[in-house]
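# An overview of the molecular structure
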Amino acid sequence: MHPDDAYLELASAHSFPVHEAIQIGGKYVPVLRDGTLLYVSGQIPRIGDQVHFVGAVGSGPHAAIDLAGARRAATVSTLRALALAKAALGSLAAVRSVPRISVFVRSAPDFTQQSEVADGASEALYAVFGPRGVHTRTSVGVLQLPKGAAVEIDFVFGVE
Amino acid sequence: MHPDDAYLELASAHSFPVHEAIQIGGKYVPVLRDGTLLYVSGQIPRIGDQVHFVGAVGSGPHAAIDLAGARRAATVSTLRALALAKAALGSLAAVRSVPRISVFVRSAPDFTQQSEVADGASEALYAVFGPRGVHTRTSVGVLQLPKGAAVEIDFVFGVE
Amino acid sequence: MHPDDAYLELASAHSFPVHEAIQIGGKYVPVLRDGTLLYVSGQIPRIGDQVHFVGAVGSGPHAAIDLAGARRAATVSTLRALALAKAALGSLAAVRSVPRISVFVRSAPDFTQQSEVADGASEALYAVFGPRGVHTRTSVGVLQLPKGAAVEIDFVFGVE
């Protein structure tokens, strides 16, 4: 499947709005091309102007989001990155590789399944790009994230 | 304004010593050029041999540094990176882009304004480089940082 | 010393199995070459299928691993990255630089020696590569890591 179509299908499955411009602010940008790399700023699972999946990930009294929810959050963060890359490049077909993603999971103190959360991003990249979407990644558990989001992910794409 | 002059002006506003060599130790370096990228190691808000802005960021009993202080800390960390880049390149005019910064904020448990802290770095880069200083960034809230610093930031600069 | 021999010597000193293939899973890879850079996914101190060095780093009731243990954990994480790079490149002699490592230390709340932990990685890189192994680095203290590991490190190598 063409990556743009695979993106539309995944977005639809997650009720992610593909026609909405992503709002930005401040003296930084959500996406920047430098040579053959496209950098995407850390993305939280925001849809429109609302952050979905707010809270620490885990189980027990200190957690608000379970593993399944955190994986969906990672998918939504990835959808945002794909929307930004598509807007910057015209088509996701211009992505030739995904060298690196960094996955930050707002974690309850005893939650250690950050890699399983990151699978929500890895599977989304594979669904859209196939073997070209296979990447290296780093998953860590942090105390807090902007707006209290459960997940934040940044991306480096290789482009033609 | 020439970026070197803008740097001197910003350094002066923050009492940041521009004539002092930055001390390093260990088997790593604060700055390394590889091809067309200049990498800067994570910088904490150290002036001379003293870390300014020590403690968790937020409000309430678990916080020692408020948002305004943390933004100043981010500016000082950025000034250090600029000093290192200037020393490595001869002049900041050799910086052609800033693809990525990663901002780690030592956060009180309920502090979620990591992006607003990072603005202290983004605004410093814009003050020095103008539109060339616009970058992607990732801001996360961590439990601790070296020497208890409130902020640590690493940088990737594009160079000629 | 040839970097491959230095690697074997360091691995032997840490009882790190050099003949064992490193297991991977999921839709990501432990190592990926893109142009002249080789990216290595975040490595925890796993030997075979067992994670050594599990727990928070520091002293006091909230810590399970002391500074000396955490430094060894950083060395083991680095040995894994070297094993992966060697498998991908054929020989570690193909590594021409180490632009960046990011060191995440699972920290007890009051532990601030993340840089000293990272020295365990920096010294291993120097032992294997000599001056070519000198790198930039970022060390932060996080709340949790996958499988409860004490340390996680990711790497960017420059390759020929």
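Look up: the structure comes first, before these words.
Let me begin by describing the structure that accompanies this report. A quick note: this is a predicted structure, and the numbers were derived from the prediction, not measured. The written sequence of each chain sets the order in which its residues are numbered from 1. Chains and ligands are labelled sequentially in the order written, the chains with letters from A and the ligands with numbers from 1. It should be noted that, the model being predicted, local features are given only for residues of pLDDT at least 70 and side-chain atom pairs only at 80 or more, the latter also being counted only at that level, while totals for whole chains, interfaces and linings use all residues. Working from all heavy atoms in the structure, the side-chain values ignore hydrogens and water.

The next point concerns the interface of chain A and chain C. Across the contact, 30 residues belong to chain A and 23 residues belong to chain C. Note on terms: buried area is the combined drop in 1.4 Å-probe accessible area of two parts once they are placed together, counting the loss on both. The contact between chain A and chain C buries some 2,000 Å² in all, and 60% of this surface belongs to carbon and sulfur atoms. For this document, the term salt bridge refers to a Lys or Arg side-chain nitrogen within 4 Å of an Asp or Glu carboxyl oxygen. Taken together, chain A and chain C are joined by 2 salt bridges. Between Arg-96 of chain A and Asp-34 of chain C there is a salt bridge; the shortest N-O distance is 2.6 Å. Contacts described as polar in this section are N or O atom pairs within 3.5 Å, which, within protein, must combine one atom able to donate a hydrogen with one able to accept it, while residues neighboring in sequence count only if both atoms come from side chains. Along the contact surface separating chain A from chain C lie 13 residue pairs in polar contact (both at pLDDT 80 or more). Mapped by element, the contributors of at least two residues to the side of chain A that touches chain C are strand E5 (95-106), helix H3 (114-129) and strand E6 (135-142) of chain A. By the criteria applied, helices consist of DSSP H or I runs no shorter than four residues and strands consist of E runs no shorter than two, each listed in order from the N terminus. For the side of chain A that touches chain C, the element with the highest residue contribution is E6 of chain A, accounting for 8 residues. Residues belonging to the side of chain A that touches chain C are distributed by class as follows: 12 nonpolar, 11 polar and 7 charged. Whether two residues are in contact is decided by their heavy atoms: any pair within 4.5 Å suffices. When residues are grouped by polarity, Ala, Val, Leu, Ile, Met, Phe, Trp, Tyr, Cys and Pro land in nonpolar, Asp, Glu, Lys and Arg in charged, and all others, Gly among them, in polar.

All names here are of chain C. On the basis of which strands lie adjacent, the open sheet formed by 5 strands has the order E1-E2-E7-E5-E6 and mixed pairing. Single-partner strands in this sheet number two, and they are strand E1 (31-34) and strand E6 (135-142). Neighbour-to-neighbour, the strand axes of this sheet turn through a mean angle of 15°, independent of strand direction. Strands are labelled as partners when DSSP assigns at least two bridges between them. Direction of pairing for strand E5 (residues 95-106) relative to E6: parallel, over a ladder of 8 bridges. Within the sheet, the bridge partner assigned to Arg-100 lies in E6 and is Thr-136. Across the sheet, helix H2 (residues 67-89) is in contact with E1, strand E2 (37-43), E5 and strand E7 (151-159); its angle to E7 comes to roughly 35°. Simply put, an axis is a line fit to the C-alpha atoms, just over the touching stretch for a helix, and the angle between two N-to-C directions goes from 0 to 180 degrees. Helix-sheet contacts for helix H3 (residues 114-129) involve E5, E6 and E7, and the interaxial angle to E6 is about 150°.

Note that His-52 of chain B resides in the loop between strand E4 (50-51) and helix H2 (67-89). Along the primary structure His-52 of chain B and Val-76 of chain B are separated by 24 residues, whereas in three dimensions their C-alpha atoms are 8.9 Å apart.

This part takes up H3 of chain C. Residue and element names in this part refer to chain C. One less than the number of residues in a helix, times 1.5 Å, gives the span that helix is expected to have. Between its first and last C-alpha, H3 extends 23 Å over 16 residues, near the 22 Å set by a 1.5 Å rise per residue. The principal kink in H3, of about 25°, is found at Gly-120. Categorising residues by exposure relies on relative accessible area from a 1.4 Å probe, with only protein chains included: less than 20% of the type maximum marks a residue as buried, more than 50% marks it as exposed, and the intermediate range marks it as partly exposed. Residues of H3 that are buried include every one of Gln-114, Val-117, Ala-118, Asp-119, Gly-120, Ala-121, Ser-122, Ala-124, Leu-125, Val-128 and Phe-129, and no others. Taken together, the buried residues of H3 touch helix H1 (3-13), H2, E5, E6 and E7. Positive phi appears at Gly-130, one or two residues downstream of H3, with a value of about 65°. Fitting one axis to the seven residues ending at a residue and another to the seven starting there, the bend at that residue is the angle between the two axes.

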